[in-house]
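Geometric and topological summary
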Amino acid sequence: MTYTYKTHGTCSRQIEIELDGDTVRSVRFIGGCTGNTQGLSRLVEGMKADEVVRRLRGIQCRAGTSCPDQLARALECARVKR
């Protein structure tokens, strides 16, 4: 399943997530700090979505959120859509 999430309060504008069941297959950030978002994407590949949410939810950078937090929120939304 592929899911697209429009981010809020971050430099990145959008996150594209590919899930295989409850496993994160790939993550692609549109916009944002390239090195950080690429690194984050590679770190979560192969992880269970619940574990990614548990580790990243609530991390703050600006405006009360961050790219990791937005990824966690995107995964929460993607689980609801299944």
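Structure report, in brief. No experiment lies behind these values; they were computed from the predicted model shown.

Let's shift gears to the pattern of salt bridges. This model, assessed by the stated rule, comprises 9 salt bridges. Among the ionic pairs, Arg25 bridges to Asp20, the shortest N-O distance being 3.4 Å. Judged by its relative accessible area of 41%, Arg25 falls in the partly exposed class. Overlapping salt bridges bring together Arg57, Asp69, Arg73 and Glu76 as one network.

A word on the layout of surface pockets. Considering only enclosed or pocket space, the largest pocket measures out at about 210 Å³ in volume. At the level of secondary structure, the elements contributing two or more residues to the lining of the largest pocket comprise α1 (34-44) and α3 (67-81). At 3 residues, the largest contribution of residues to the lining of the largest pocket is made by α1. Classifying every residue of the lining of the largest pocket by side-chain character gives 6 nonpolar, 6 polar and 1 charged.

Take the pairing of strand β1 (residues 2-6) next. Only one face of β1 is buried: it carries Tyr3 and Tyr5, and the other face, with Thr2, Thr4 and Lys6, is open. Pairing of β1 with strand β2 (residues 12-20), which is carried by 5 bridges, proceeds in the antiparallel orientation. Paired with Tyr5 across the strands is Ile15, a residue of β2.

Thresholds, definitions, all that
Residues numbered from 1 in each chain as written. Predicted model: local features only at pLDDT ≥ 70, side-chain atom pairs only at ≥ 80, totals over all residues. Heavy atoms only, no water. Salt bridge = Lys/Arg side-chain N within 4 Å of Asp/Glu carboxyl O. Buried < 20%, exposed > 50% of the residue type's maximum accessible area, 1.4 Å probe, protein only. 1 Å grid on protein atoms, 1.4 Å probe; cavity = no way out; pocket = protein on both sides within 12 Å on 5 of 7 lines; lining within 4 Å. Points joined across faces, edges and corners; volume = space filled by probe spheres on them. Helix = DSSP H or I, 4+ residues; strand = E, 2+ residues; numbered from the N terminus. Nonpolar A, V, L, I, M, F, W, Y, C, P; charged D, E, K, R; others polar. Pairing = 2+ DSSP bridges.

Any functional reading would require information that these geometric values do not contain.
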